[in-house]
Amino acid sequence: MTYLLITFQALVVLLSAPLVVGMVRTLKARFQNRQGPSIFLPYVSMLSLLRKEMTITKHSSWVFRVVPFVVLGSAFFLALVVPSLFFGIVPSSLDNIFLFGAVVALGSVFLVLGGMDTGSTFGNMGSSREMTLAALVEPAFYVSLATLALATGAWGMGGIIGHFTSLPWLVAVPPVIVTLIGFLFVLLAENARYPVDNPATHLELTMVHEAMILEYSGTYLAMLEYASAIKLTALLAVCMGILIPFGISAPPVTFFGLGVALIAFFGKLALGAFAIAFIESVIVKMRFYRMQEYMMLAFFIALLGLAVELIVLYH
Amino acid sequence: MLRLLSKIITTGKRTEKCPQIPTHVEEIGENLKRAIHTLYGGRTLRIRHVDAGSTNGEEYELTALGNALYDIERFGISFVASPRHADVITVSGPVTRNMEHALKTAYEMTPEPKIVIALGDGACTGGIWKDSYAGVGAVENVIPVDARIPGDPPTPEDVLRGLLSIVTTTRK
Amino acid sequence: MHLMSSFTIDCLFAVAFVLPLVGVVLSLLTRRFSWNNTLVQSIFILSGFAGLIAGSYFFALLGIGNSASFNATFFGLVNIALNSMQVFFLMLVYGGVLLTSLYAIQSLPPYKDVYVLPTLNVASAFFIVGMQATILSPSLFTFLMAWEIMSVSAYFLVIADRSDESLRAGWLYFVMTHIGFACIAAGLLLLAGGNLFASWHDVALSALSATPLAISVAFVLLFAGFGSKAGLVPLHQWLPYAHPQAPSGSSALLSGVMLKVALFGFIQGVALFPFVPSFSAFLVIGIGLLSAFFGALRAAVENDAKRVLAWSSIENMGLIFSAVGIYLLVHGSPDSAVSAIAPSIALFIILHTVNHFIFKTGLFMAVGAVASKTHTRNLDELGGLAQRWPIFAGIFLALSLAAAALPPFGTFFGEWTYFQTLASGMTVSALFGGSFALILALLALVGGLALFAYVRMFSAIFLGRARTTHAEQVSPMPILLWLPPLSSVLLSITAGLFLFPILSAPNAFTEGMTLFGDVAVLGGASMNAWWVLLSVLSIGVLLMVFRRFLSNRNPARITDTWDCGQPITPRMQYTATGFSAPIRFFFKSILMSEKELIIEPISMSNPWIVRRRLVWSIQSFFEYWLYRPIGIAVFAVSHAVKKLQNGVIQLYLLLVICALVLTLATTL
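This report concerns the structure included in the present document. Note that the structure is a prediction, hence the values are computed from the model and not measured.

1. Some remarks on the overall build of chain A
Phase 1 of the analysis: For chain A, the count of helices and strands is twelve helices and one strand.
Phase 2 of the analysis: Helices and strands in chain A line up, N terminus first, as α-α-β-α-α-α-α-α-α-α-α-α-α.
Phase 3 of the analysis: Relative to its length of 315 residues, chain A is compact, with a C-alpha radius of gyration of 19 Å against a globular reference of 20 Å.
Phase 4 of the analysis: The principal-axis extent of the C-alpha atoms belonging to chain A is close to 60 × 45 × 45 Å.
Phase 5 of the analysis: Across chain A, contacts joining residues at least 24 apart in sequence account for 81% of those joining residues at least 6 apart.

2. Digging into the overall build of chain B
Phase 1 of the analysis: Each helix and strand in chain B was counted, giving six helices and seven strands.
Phase 2 of the analysis: Listed by position from the N terminus, the elements making up chain B come as α-α-β-α-β-β-β-α-β-α-β-β-α.
Phase 3 of the analysis: Relative to the globule expectation of 16 Å for 172 residues, the C-alpha radius of gyration of chain B, 17 Å, shows essentially globular dimensions.
Phase 4 of the analysis: The principal-axis extents of the C-alpha atoms in chain B amount to approximately 55 × 35 × 30 Å.

3. What to know about the sheet that holds strand β1 (residues 45-51) of chain B
Each strand in a sheet pairs with another by means of backbone hydrogen bonds, the pair being arranged parallel or else antiparallel.
Residue and element names in this part refer to chain B.
Phase 1 of the analysis: The strand order β2-β1-β3-β5-β7 describes an open sheet built from five strands, whose pairing is parallel. Edge strands, defined here as strands with exactly one partner in the open sheet, are β2 (77-79) and β7 (147-149). Neighbour-to-neighbour, the strand axes of the sheet open up by a mean angle of 30°, direction not taken into account.
Phase 2 of the analysis: Judged from the three bridges that link them, β1 and β2 form a sheet pairing that is parallel. Its bridge partner lying in β2, Leu45 is registered against Ile77.

4. Observations regarding the interface of chain B and chain C
Phase 1 of the analysis: Every contact between the two is made by nine residues of chain B and, on the other side, four residues of chain C.
Phase 2 of the analysis: Looking at the side of chain B that touches chain C residue by residue, the classes come out as four nonpolar, three polar and two charged.

5. Describing the interface of chain A and chain C
Phase 1 of the analysis: Taken together, the contact pairs 65 residues of chain A with 67 residues of chain C.
Phase 2 of the analysis: Ranked by the residues each element gives to the side of chain A that touches chain C, the list is headed by helix α5 (residues 121-152) of chain A, at 17 residues.
Phase 3 of the analysis: Split into classes, the residues belonging to the side of chain A that touches chain C amount to 39 nonpolar, 18 polar and eight charged.
Phase 4 of the analysis: The pairing of strand β1 (residues 55-57) of chain A with strand β5 (residues 557-559) of chain C spans three bridges and is parallel. Counterpart to Thr55 of chain A in the pairing with β5 of chain C is Arg557 of chain C.

6. Digging into the nonpolar core
Phase 1 of the analysis: Grouped together as the largest cluster of nonpolar side chains are 385 residues, with contacts concentrated most on Val143 of chain A together with Leu440 of chain C.
Phase 2 of the analysis: With 21 residues, helix α18 (residues 430-462) of chain C is the single largest residue contributor to this core.
Phase 3 of the analysis: Setting aside residues no more than four positions away along its own chain, Leu440 of chain C makes contact with Tyr142, Val143 and Ala146 of chain A together with Phe419, Leu422 and Ala423 of chain C.

7. Describing unusual backbone geometry
Phase 1 of the analysis: Residue Glu112 of chain B is joined to Pro113 of chain B through a cis peptide bond whose omega torsion reads -10°.
Phase 2 of the analysis: In this structure, Pro113 of chain B sits in the loop between α4 (97-109) and β5 (115-119).
Phase 3 of the analysis: Residue Pro234 of chain C follows Val233 of chain C across a cis peptide bond; omega there is 0°.
Phase 4 of the analysis: Residue placement: Pro234 of chain C occurs in the loop between α8 (212-230) and α9 (239-245).
Phase 5 of the analysis: Of note in this structure, Ala405 of chain C is not a glycine but carries a positive phi near 60°.
Phase 6 of the analysis: By the secondary structure assignment, Ala405 of chain C is in the loop between α16 (390-403) and α17 (410-425).
Phase 7 of the analysis: Owing to 27 C-beta atoms within 10 Å, Ala405 of chain C belongs among the buried residues under this scheme.
Phase 8 of the analysis: The phi dihedral of Cys564 of chain C is positive, around 60°, even though this residue is not glycine.
Phase 9 of the analysis: The residue Cys564 of chain C is located in the loop between β5 and α21 (576-579) in this model.

8. Some points on helix α6 (residues 164-192) of chain C
All names here are of chain C.
Phase 1 of the analysis: Across its 29 residues, α6 extends 41 Å between first and last C-alpha, which sits within 8% of the 42 Å expected from 1.5 Å per residue.
Phase 2 of the analysis: The complete set of buried residues in α6 reads Ala169, Gly170, Tyr173, Thr177, Gly180, Cys183, Ile184, Gly187, Leu188, Leu190, Leu191 and Ala192.
Phase 3 of the analysis: Where α6 terminates, the next one or two residues include Gly193, which has phi positive at roughly 70°.

9. Overview of α4 of chain B
Phase 1 of the analysis: Of all the residues in α4 of chain B, the buried ones are Met99, Leu103, Thr105, Ala106 and Met109 of chain B. One face of α4 of chain B carries all of its buried residues, which in axial projection span an arc of 165°.
Phase 2 of the analysis: Buried positions along α4 of chain B lie against β1 of chain A, β1, β3 (88-92) and β4 (95-96) of chain B together with β5 of chain C.

10. Topic: the packing of helix α2 (residues 36-62) of chain C against helix α4 (residues 117-136) of chain C
Residues and elements named next belong to chain C.
Phase 1 of the analysis: Orientation of α2 relative to α4, taken along the N-to-C sense of each, is 10°, at an axis distance of 10 Å. Judged on the interaxial angle alone, α4 and α2 are roughly parallel. Residues Asn36, Asn37, Val40 and Phe44 of α2 form the contact with α4, whose own contacting residues are Leu117, Pro118, Asn121 and Ile128.

11. Points about the environment of Pro91 of chain A
Residue and element names in this part refer to chain A.
Phase 1 of the analysis: Assignment of secondary structure puts Pro91 in the loop between α3 (62-81) and α4 (97-116).
Phase 2 of the analysis: In this structure Pro91 comes out as partly exposed when scored by C-beta crowding, with 17 C-beta atoms within 10 Å.
Phase 3 of the analysis: Sequence separation between Pro91 and Val81 is ten residues, and the spatial gap between their C-alpha atoms is 9.0 Å.

12. With respect to the pairing of strand β7 (residues 610-618) of chain C
Residues and elements named next belong to chain C.
Phase 1 of the analysis: With zero of nine residues buried, β7 lies mostly on the surface of the structure.
Phase 2 of the analysis: Bridge analysis of strand β6 (residues 593-601) against β7 gives nine bridges, and the strand direction is antiparallel. Bridge pairing links Glu594 to Ser617 in β7.

About the thresholds
Here the residue numbers are simple positions, counted from 1 along each chain's written sequence. A letter from A marks each chain and a number from 1 marks each ligand, given out in the order of writing. Where local features are concerned, this predicted model is filtered to residues with pLDDT of at least 70; where side-chain atom pairs are given and counted, the filter is 80 or more; whole-chain, interface and lining totals use all residues. Each helix corresponds to a stretch of at least 4 residues labelled H or I by DSSP, and each strand to a stretch of at least 2 residues labelled E; elements are numbered beginning at the N terminus. Radius of gyration here uses only the C-alpha atoms, and the compact-globule reference equals 2.2 Å multiplied by the residue count raised to the power 0.38. Any two residues are considered in contact once their C-beta atoms, placed from the backbone, lie within 7 Å. Any two strands with at least two DSSP bridges between them are considered paired. Here, axes are lines fitted to C-alpha atoms. For helices the fit covers the stretch in contact, and angles between N-to-C directions go from 0 to 180 degrees. As a working rule, the residues Ala, Val, Leu, Ile, Met, Phe, Trp, Tyr, Cys and Pro are called nonpolar, Asp, Glu, Lys and Arg charged, and the rest polar, with Gly in that last group. Think of a nonpolar core as buried Ala, Val, Leu, Ile, Met, Phe, Trp, Tyr and Cys residues chained together by C-beta atoms that fall within 7 Å. Partly exposed residues are those whose C-beta has more than 12 but fewer than 20 other C-beta atoms within 10 Å; 20 or more makes a residue buried and 12 or fewer makes it exposed, with C-beta atoms placed from the backbone. One less than the residue count of a helix, multiplied by 1.5 Å, gives the span that helix is expected to have. Directions are taken from the helix axis to each C-beta atom, and the arc is the one they span. Working definition: roughly parallel below 35 degrees, roughly antiparallel above 145 degrees, roughly perpendicular at 65 to 115 degrees, and oblique for all remaining angles.

On their own, these measurements won't tell you what the molecule is for.
Rendered as structure tokens:
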């Protein structure tokens with residue numbers, strides 16, 4: 001039964017990932033006073049990519065071909081362990097916060113290797129920048145996750161969210177608001193959003209994530225785009241799940257509970273997509289060589305969140 | 001920021017209605033038909049634009065396609081940076097000798113199924129530079145062309161009408 | 001049966017000790033023959049094998065707990081009480097000897113014009129014997145002697161190719177290791193109350209009656225001496241110069257094993273103290289974290305592949321020593337919540353020692369193989385080797401992932417233990433919460449930089465196109481050059497799967513605990529290496545099945561790289577220097593990097609025709625802020641003292657009279 005629930009939860013995350021990307025894109029268009037594409041466009045887009053042939057550069061090696069599998073695999077793992085509908089179903093050894101961070105890092109590493117194996121400068125530049133950002137965002141990432149674990153006494157993502165669902169909102173959530181802001185900084189950095197990176201740019205000098213996938217086509221490109229959509233959805237589900245812990249339940253699960261969980265999940269994703277579209281419409285992308293300021297700010301906010309939490313715990 | 005937000009809200013949605021699609025369209029080639037049918041009826045097209053030596057008039061009009069008035073994105077059409085990501089290659093300008101090789105490699109690296117659209121008079125027929133020593137003439141002298149959108153330069157509405165007519169008539 | 005087994009263990013340890021000396025003799029006797037190197041390395045392999053079997057027998061017989069003790073008699077010549085910790089470190093020595101000697105059978109012959117192989121092997125043999133003797137030593141004098149043999153033979157390994165760079169590195173190493181030796185000798189003698197020939201038991205006894213000041217001074221001296229040998233800042237200066245210069249197999253031993261022997265020396269030394277001074281834990285933690293940060297940062301920006309690995313060793317030893325410091329802090333605390341942190345930290349120390357040994361020896365051997373085939377160690381000159389050596393590239397990638405502590409390799413589980421223990425320890429008190437969180441953040445940054453360094457090294461060597469002709473025409477790699485690194489990869493995975501559960505609950509295994517259960521550390525968090533491996537494999541299989549069914553089945557079309565229409569050359573790719581440019585920019589003040597564009601006009605008539613040269617350099621932080629000021633101070637003092645030698649004979653007579661008066665005054 002638990003395996004069924006885990007599979008169902010993972011499938012929901014996997015199927016809703018392109019929807020999140022579509023919602024962000026359409027909402028951004030509305031902020032720009034345009035009509036924007038349909039929110040289901042990424043589905044058609046990725047499916048049509050699967051029908052295209054692949055052209056691969058002759059200067060790449062087998063590493064180039066393995067990269068989409070590992071990146072998509074790490075995204076699948078995130079989809080499996082993120083408690084989007086239920087908590088307490090994944091074995092506690094698999095959703096540990098440090099394993100979560102390590103799998104995210106594994107995906108980033110292989111994407112960087114994919115960018116380096118192209119023989120062209122664009123991919124290499126994207127890889128260099130992405131690796132720097134991944135290295136510098138780690139302190140903020142781990143401190144914010146550790147603060148959440150400290151606040152809840154649970155070391156897995158499921159346990160953390162479960163704790164937030166069991167307490168009244170005013171008691172559980174306000175102490176971690178600052179940590180959530182720090183986590184938001186990390187989310188924007190890991191998912192190539194403003195102000196760290198522009199996912200819709202055509203100028204290679206402004207690309208970080210896009211530059212690494214310039215040499216990919218067809219199925220591999222679909223896998224990489226899907227992986228980044230899943231990562232966005234998973235991290236957004238974590239963030240919104242803590243902010244609005246409504247609807248997530250532990251087994252045994254009734255049909256009514258399942259329905260409520262699904263509606264709550266899609267509502268949270270829509271709210272999160274709106275928040276990201278809003279952020280992307282009112283701030284500008286920062287220059288890459290100012291990223292240390294962004295990372296230090298994220299780290300200090302995470303530390304501030306930890307201080308707030310320690311005060312709440314020990315005062 | 002509040003000023004920006006209030007300006008966004010007061011301006012509202014400015015996108016114009018979808019342009020009238022002409023019923024008459026020239027002969028549809030095999031490659032075009034196959035490509036549109038494989039790509040789910042052209043509901044999503046990624047365009048990589050190659051400037052093979054144009055006056056940049058076509059590029060200005062293409063840039064305008066992304067703004068709030070014309071909003072090409074609502075039809076699922078977007079511009080991409082790399083030929084490897086593209087379904088459609090639009091070429092503008094007569095092909096100059098310097099850009100001949102670049103155009104050929106861009107075409108070669110685009111994965112099948114692909115569509116080539118010649119944009120503007122210079123690309124369609126060679127324009128006034130047809131017999132110039134510095135150019136090779138129309139795009140079809142270099143790579144096979146599936147569709148043409150004439151104009152010097154074609155207005156954004158012309159481009160939009162052209163693209164939509166290609167997609168909708170081939171879909172039938 | 002028991003008696004027979006202990007006799008076997010005894011014999012095997014003795015054999016493992018004596019065989020390298022036999023190898024010395026044989027090496028010198030057969031030096032004219034071409035099979036000389038193979039013979040000596042085979043003897044080393046036998047020695048390593050014997051030792052590994054003896055160690056495994058020891059653990060199988062006596063269990064893994066601390067209290068196991070065994071009397072080794074070495075054919076009745078001596079009587080040494082071996083405990084588990086000594087056998088653990090001995091196993092590292094034997095494992096390292098086994099792998100590197102296997103590697104050296106085919107790695108050394110191409111260099112027979114550069115190294116004098118018979119003498120190199122003599123130095124290696126004494127190095128191996130020295131390391132074993134250091135661990136086995138029952139008394140202070142034998143320890144110091146063995147330490148000296150180990151250090152001096154390491155010197156001969158460093159200068160083996162007799163180039164200018166090696167001689168300079170060797171000189172630096174020689175001076176610093178003897179400064180360290182002096183500190184160790186002074187510290188141990190302080191504890192032993194001046195008795196040079198005391199056994200460890202006697203030293204511990206006499207340490208009981210030492211004054212607190214003597215204890216503090218002895219601790220600082222021991223930490224300085226052992227820390228310098230282990231590569232902790234600020235006394236690490238020799239390591240990045242010396243390790244790259246030795247032959248690859250010896251570098252692997254120097255970095256993978258000798259640093260662990262220094263760790264062993266420190267732990268054994270601290271165990272003699274009746275109590276550790278109050279500042280000691282903070283000193284060790286601080287120096288450890290500083291080493292970890294500097295090691296990771298410099299590894300991310302170095303261009304010499306072996307120097308990257310040397311700095312990475314500094315980083316990892318810094319991690320281990322910071323954990324040792326935390327152990328010193330929490331061990332024996334009256335608060336049970338605080339002292340509960342200690343076992344988990346000890347688990348990390350053991351796991352990381354083993355994991356670092358595994359991946360560092362593997363990486364040094366792999367980099368050595370690349371260097372021997374392409375004749376360069378410079379990352380800026382390599383590239384594209386994954387197309388020529390696909391399997392070896394896979395092995396190197398696995399080793400790099402293991403070094404960066406990513407799952408499913410064993411290093412991840414060790415570092416998980418550390419991170420998790422720190423995080424769980426945050427719940428003890430607000431003070432612990434704040435400080436452990438800061439340590440956690442620093443470790444996360446160190447991990448990120450280490451990740452950067454290894455991704456950069458792998459990409460520069462194997463991916464893209466060959467940047468220079470060095471990497472273009474390379475011959476296939478001989479089997480014994482890639483087999484030891486492959487063994488390291490397999491060992492790393494097995495360490496995560498087997499060592500991690502076994503070491504976390506060593507006594508539970510005798511009571512039938514399963515190998516596949518969750519490993520729980522402080523605070524109730526658990527990790528299961530088998531589940532992680534299973535999920536990795538199953539997701540991989542799932543994806544491959546989907547790819548087969550869900551996509552366009554046409555084979556991929558091979559084209560050129562997208563170059564925007566302009567032909568690109570291999571030199572237009574990012575070099576390793578370019579890849580690390582953002583890190584150099586962000587940490588500019590620490591790295592003290594300088595970029596200078598030198599413009600020289602060439603033509604008299606036309607000032608626009610110039611020669612441009614871009615020179616960039618990184619200064620060593622500690623050399624600039626610590627060694628240089630000390631050097632300047634020493635020179636200043638000696639210049640001032642020189643004024644005493646002004647040739648005026650009356651002043652000399654006055655000095656003699658002063659010395660006499662002073663001596664008479666102090667003695668009377």
